[in-house]
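# Fold and geometry: a report
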Amino acid sequence: MITKVFMPKLSDAMETGKVIKWLKKEGDAVKGGDLIAEIETDKANVELEAFGAGVLRKIVIGEGGQVPVGDLIGVIADPAEDISSVAAAPAKPAAPPAAASAPAPGPKPGPASAPAPQPAAAAPAGPLPAMESYQSVPATAEVVPMAPAAAAPAAPAGGRVKASPLARKIAGQTGVDLRVVQGTGPGGRIIRRDVEAAPAAPRPAVVPAGAPQPAGAPRPTAVPARPQFVIPPRAEAEFEDVPMSPMRAAIAKRMPMSKAPVPHFYVTSEVAMDGAWSLREGLNALEGQPKISVTDLVIKAVALALLKNSGINAQLNGQAIRVHHRAHIGIAVALDQGLITPVLRDCDIKPLGRIAVESRDLADRARGGKLRAQEMTGATFSISNLGMYDVEEFSAIINPPEGAILAVGSVLQKPVVEDGEIRVGRRMKMTISCDHRVMDGAMGARFLQDVKRLLEEPLRLLV
Amino acid sequence: MAAQQFDVVVVGTGPGGYVAAIRCAQLGLSVATVEDDRPGGVCLNWGCIPTKALLRNAEVVGLFNRAKEFGITVGEWKADYAQAVQRSRRVADRMAKGVEFLFRKNKITLFLGRGTLKGARVVEVAGKDGTATLEAKRAVILATGSEPRSLPGVTIDEKRIVSSTGAVTNEGRPGSLIVIGAGAVGIEFADVFAAYGASVTVLEALPRVLPIEDEEVSTQIARLFSRRDITIRTGVKVKGVTPVREGVSVEVEAEGKIETLKADQVLMAVGRAARTRGLGLETLGVATEHGFVTVSATMETSVKGVYSIGDMAGHQLLAHKAMAEGVVAAEAIAGQSPRPVDYGNVPSCTYCHPQVASIGLTEAAARAGGREIAVGKFPFTASGKAVAQGETEGFVKVVADKATGEILGVHIVGPEATELIHEFAVGRTLEATLDEFVHTMHAHPTLSEAAFEATLAALGHPIHI
């Protein structure tokens, strides 16, 4: 049995990946689930699991090699097997970026999995292979036809990109992301001039900081005729162009894809956090229990409220609305070079303690660049908490293709009026950003109401 | 008499003017057209259409000459040139009447007479039956076309020294003809007169015939014409053309030597100039460049509300370019935002035998552009349909960008070349690349397969060669 190892698509925005390190050498025995390589995506470094057993017979893309998603990077096969046909043949061409997120009414294999239809690889031992976990949508989602009135969004997130063949080729060669290009052809079709006018992918070419002028070209120094205010020569350059980190570039590319085509609306609500606060203090005082953060409480409350308000746990999927029946929650983690949103799965059924342990682990590994592929995709909803930065409230940009995101502020002590008396209470503001194509204001408000009730009666989070 | 008001006044009813007028009418504007000759302009009356009729005659004559090849024995037969011209006149008349019909159908008022701009919105028509003043509420479209140029000191008398206009109407065929200028017009007339038995010499100052075409096209046509006993002389400078007793004498300088050539008739085919005299451009201050009117992307001149389209507005002097400009002008006047004319994607056609058609860049121009290119060429000798038809001369040549497969230019010599080119015109509009062509099935057997094979050849793997 021959198992081709392809550059996996580890996030929706990923178009190319770099092999940082092979964890197995050619000739090493490999079984399903073994970590075989480290891959650098635009967002993070992830470890690639094998999903076929045998021997790593050939490393097609060596360390440091960067290839499009879907390209062959290695071959796993039985020691005696003839792999010449596989190893010699060029890998399946990477699908155009548009195809990666092309909506389909139902499950559709993504390009990363498409080239690997080996029958024997269907039942790998060990954990789910990386490349399949992120597309396990059918089990958890149902597709609700969209009401005709709401049909035909101007630019469905992840919809087909209308572009000429030439525009696609040039974009492929220059790294322009067609999804963020404004087409000027007939019907908004992206044509050559649009791609040529679009900023290309970040290039390493950068003006280095340093001496403002070459050493051999000193400025002619004129003797001043009379005393004047002299600014001493300043050695440092007036500015520098810092190259975008791959993560910053990915964020820069991705956010306009949300904010421009997705009509956001925002609903803010204030939560009395006194009960939650004291519950948390009580839980954290217990010996041998994981420490619970405010975020953990919010995650749990959101997960429960999402199941009740399934209209919020939803996203636009072409002409349909995909309603999720699981609460996989993306948690925004700030990093020095940007942010990343690892996904905590099945928060609706995980107890609070488990959420606390897993969210901390995810955040730690996110900061260390050690996230696995399946931990970066598949969120049905996201939470961004800037509470630790003493932020009272803010609003977040939806992380497509998700339909909503909750922005959480600090728990602040403030004067509150209760029963006609002023006392000191703990209050937290949260703002949900919703995709108006999918949901409406009242739905967002009802959802917030439920989150609020759960946090204000926090024992509900424990049952 | 009071001025008559229309939304738009179109001066000139050639292919630019009549299309603009119809498009304006379709968009709900009231339109007046002004014509000092016959509706349809040079194209329908004295140019494209009648010459196509003559060239068809030439083709039929050619087939009669080849009858034996097809196993057909023909008794005594005679090709009467006068009748060919008469037939071409009937064709032209029919097409010109078609324009008048379209005007009536679209409720466009036709004023016969010479139009002059008296203001940005005022056109005075001087006709046989007096003058009329037309006021344009929205815009004036100038579409007065072009006229044949001559060489300095050479007067066209349309008898012995003729322009294309004389050549297309004279019923007498000269025994010998010198064609000065080997562009599309010169080559087409050389074809017609040679087919009808005239002794034809073509003189071209530039180094090759059809100088704007790809070099391989020029070479092929020169070779095929020479085989038909048409004398081709390139790099020849005409110093003087003098009518003499029993014909014309042409003094030429070739390779430093002066010689004198003689023929019954000389056809001046050295190009055309904008026909703007007496139109009132100067008084209104309409800007021109090298005699052609300067226009914006929506065909508006330097004077607001005055539009100019077709030959007088420069670029390629071609009817289809004029029509495209007419549509753009009409839609802009009606308040739409039309796509500007793409002057890089204008098909160029010469209807000689075999035909020549091209679009985009020549191979040399593409190379000069600095890009790495791929060239695919497929000869009609390898096309089953062409062989069956007995028309195997020529080829399809595709020039593509190596990196992207963008179709930079296509050059066709051969049967129905002028029809075959449009596959590539559409492809270029859609920004199709070589891949899209090779993944499009082409019916077998067709001449179009040669186009398909040329794109395959550009990718390095043609099947049939």
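Residues numbered from 1 in each chain as written. Chains lettered and ligands numbered in written order. Predicted model: local features only at pLDDT ≥ 70, side-chain atom pairs only at ≥ 80, totals over all residues.

Turning to the overall build of chain A, a few remarks are in order. A tally of regular secondary structure across chain A gives 10 helices and 19 strands. The buried share among the 463 residues of chain A stands at 41%. Looking at chain A alone, contacts between residues at least 24 apart form 70% of all its contacts between residues at least 6 apart. (Helix = DSSP H or I, 4+ residues; strand = E, 2+ residues; numbered from the N terminus. Buried ≥ 20, exposed ≤ 12 C-beta atoms within 10 Å, placed from the backbone. Contact = placed C-beta atoms within 7 Å.)

Next up on the list: the overall build of chain B. In terms of helices and strands, chain B carries 14 helices and 24 strands. Counting every position in chain B, which comprises 465 residues, the buried fraction comes to 49%. Within chain B, counting contacts between residues at least 6 apart in sequence, those at least 24 apart form 65% of the total.

So, about the packing of helix 1 (residues 15-26) of chain B against helix 9 (residues 319-333) of chain B. Residue and element names in this part refer to chain B. It is the contact of helix 1 with helix 9, at a shortest axis distance of 7 Å, that shows an interaxial angle of 30 degrees. With respect to each other, helix 1 and helix 9 are oriented roughly parallel. Seen from above, helix 1 lies across helix 9 with right-handed handedness. The segment helix 1 lies against helix 9, with Pro-15, Gly-16, Gly-17, Val-19, Ala-20, Arg-23 and Cys-24 engaging Ala-319, Ala-322, Met-323, Glu-325, Gly-326, Val-327, Ala-329, Ala-330, Glu-331 and Ile-333. (Axes fitted to C-alpha atoms, helices over the stretch in contact; angles between N-to-C directions. Parallel < 35°, antiparallel > 145°, perpendicular 65-115°, else oblique. Left-handed = near helix turned anticlockwise from the far one by under 90°.)

What follows is about the interface of chain B and chain A. Taken together, the contacts link 10 residues of chain B with 9 residues of chain A. Across the side of chain B that touches chain A, the residue classes break down as 3 nonpolar, 3 polar and 4 charged. (Nonpolar A, V, L, I, M, F, W, Y, C, P; charged D, E, K, R; others polar.)

What follows deals with the sheet that holds strand 16 (residues 343-344) of chain A. All names here are of chain A. Spatially, the 6 strands line up as an open sheet ordered 10-19-18-17-13-16, and their pairing is mixed. With one partner strand each, in any of the chains shown, strand 10 (264-272) and strand 16 form the two edges of the open sheet. In this sheet, strand 18 (residues 404-418) lies alongside strand 17 (residues 381-385) in parallel orientation, the contact comprising 4 bridges. Each bridged residue has a counterpart across the sheet, and for Asn-385 the counterpart in strand 18 is Val-408. Here helix 10 (residues 441-456) sits on the sheet in contact with strand 10 and strand 19 (421-435), set at roughly 20 degrees to strand 10. (Pairing = 2+ DSSP bridges.)

For the α-helix, the turn length of 3.6 residues means that residues three or four positions removed from each other point alike. Residue and element names in this part refer to chain B. The terminal C-alpha atoms of helix 12 (residues 417-429) lie 19 Å apart, and with 13 residues this matches the ideal 18 Å at 1.5 Å per residue to within 8%. Looking only at helix 12, the buried set comprises Ala-417, Leu-420, Ile-421, Glu-423, Phe-424, Gly-427 and Arg-428. Buried residues along helix 12 sit in contact with strand 21 (355-360), strand 24 (407-414), helix 13 (434-438) and helix 14 (448-458). Glu-431 sits one or two positions beyond helix 12 and adopts a positive phi of about 60 degrees. (Expected span 1.5 Å × (residues − 1).)

All names here are of chain B. With respect to the helices and strands, the residue Lys-385 is situated in helix 11 (residues 384-389). Remark: the alpha-carbon pair of Lys-385 and Thr-446, spanning 61 residues in sequence, is separated by 5.3 Å. With near-sequence residues (within four places) excluded, Lys-385 lies in contact with Pro-445, Thr-446, Leu-447 and Glu-449.

Moving on: the pairing of strand 19 of chain A. A regular strand places its side chains so that they alternate between the two faces of the sheet. Residues and elements named next belong to chain A. Examined bridge by bridge, strand 10 and strand 19 share 9 bridges and lie antiparallel to one another. Of the residues in strand 19, the one forming a bridge with Glu-270 is Lys-429. The pairing of strand 18 with strand 19 spans 13 bridges and is antiparallel. If you follow Leu-406 over to strand 19, its bridge partner there is Ile-432. The hairpin turn running from strand 18 into strand 19, its antiparallel successor, is 2 residues long, and Asp-419 in that turn takes a positive phi close to 50 degrees.

To continue, consider the nonpolar core. Residues B:Val8, B:Val9, B:Val140, B:Ile141 and B:Val179 are the most contacted members of the largest nonpolar core, which totals 150 residues. Core analysis: the next-biggest nonpolar cluster, separate from the first, contains 88 residues, A:Ile329, A:Phe381, A:Ala404 and A:Leu406 among them. (Core = buried A, V, L, I, M, F, W, Y, C linked by C-beta atoms within 7 Å.)

All right, on to the confidence of the model for chain A then. Per-chain confidence: chain A averages 76 in pLDDT, with 74% of residues scoring 70 or above. Per-residue pLDDT stays below 50 along residues 202-225 of chain A; that stretch engages in 13 contacts with residues further than four places along the chain or on separate chains. (pLDDT = per-residue confidence, 0-100.)

The subject of this paragraph is helix 14 of chain B. Residue and element names in this part refer to chain B. The buried fraction of helix 14 amounts to 10 of the 11 residues, a majority that puts the element mostly inside the structure. For helix 14, the set of buried residues is Glu-449, Ala-450, Ala-451, Phe-452, Glu-453, Ala-454, Thr-455, Leu-456, Ala-457 and Ala-458. On its buried face, helix 14 is in contact with strand 22 (373-379), helix 11, strand 23 (395-401), helix 12 and helix 13. Remark: Gly-460 follows helix 14 within two positions and exhibits a positive phi of approximately 95 degrees.

A few words on the environment of B:Ser146. Residues and elements named next belong to chain B. Note on placement: Ser-146 falls in strand 7 (residues 146-148). For Ser-146, a count of 23 C-beta atoms within 10 Å puts it in the buried group. In this structure, the C-alpha to C-alpha distance between Ser-146 and Ala-313, residues 167 residues apart in sequence, is 9.5 Å. If sequence neighbours within four positions are ignored, Ser-146 has contacts with Arg-272, Ala-273, Ala-274, Arg-275, Asp-311, Met-312 and Leu-317.

With omega at -5 degrees, the peptide bond leading from B:His353 into B:Pro354 counts as cis. B:His444 connects to B:Pro445 through a cis peptide bond whose omega is -5 degrees. Tracing the sequence through the fold places B:Pro445 in the loop between helix 13 and helix 14. Positive phi, normally seen in glycine, also occurs at A:Asp390, with a value near 60 degrees. When you line up the elements, A:Asp390 lands in the loop between strand 17 and strand 18. Phi is positive for B:Glu416, which is not a glycine, with a value near 55 degrees. If you trace the backbone, B:Glu416 turns up in the loop between strand 24 and helix 12. By the C-beta count within 10 Å, which is 18 here, B:Glu416 ends up partly exposed.

Residue and element names in this part refer to chain B. Taken together, 5 strands build an open sheet; the order of strands is 20-21-24-23-22 and the sheet is antiparallel. Each end of this open sheet is capped by a strand with a single partner; those strands are strand 20 (348-350) and strand 22. On average, adjacent strands in this sheet sit at an angle of 10 degrees to one another, irrespective of strand direction. Across 6 bridges, strand 21 lies against strand 24 in antiparallel orientation. When the sheet's bridge partners are listed, Gly-360 is paired in strand 24 with Gly-409. Helix 12 contacts strand 20, strand 21 and strand 24 of the sheet and is inclined by roughly 10 degrees relative to strand 21. Here helix 14 sits on the sheet in contact with strand 22 and strand 23, set at roughly 145 degrees to strand 22.

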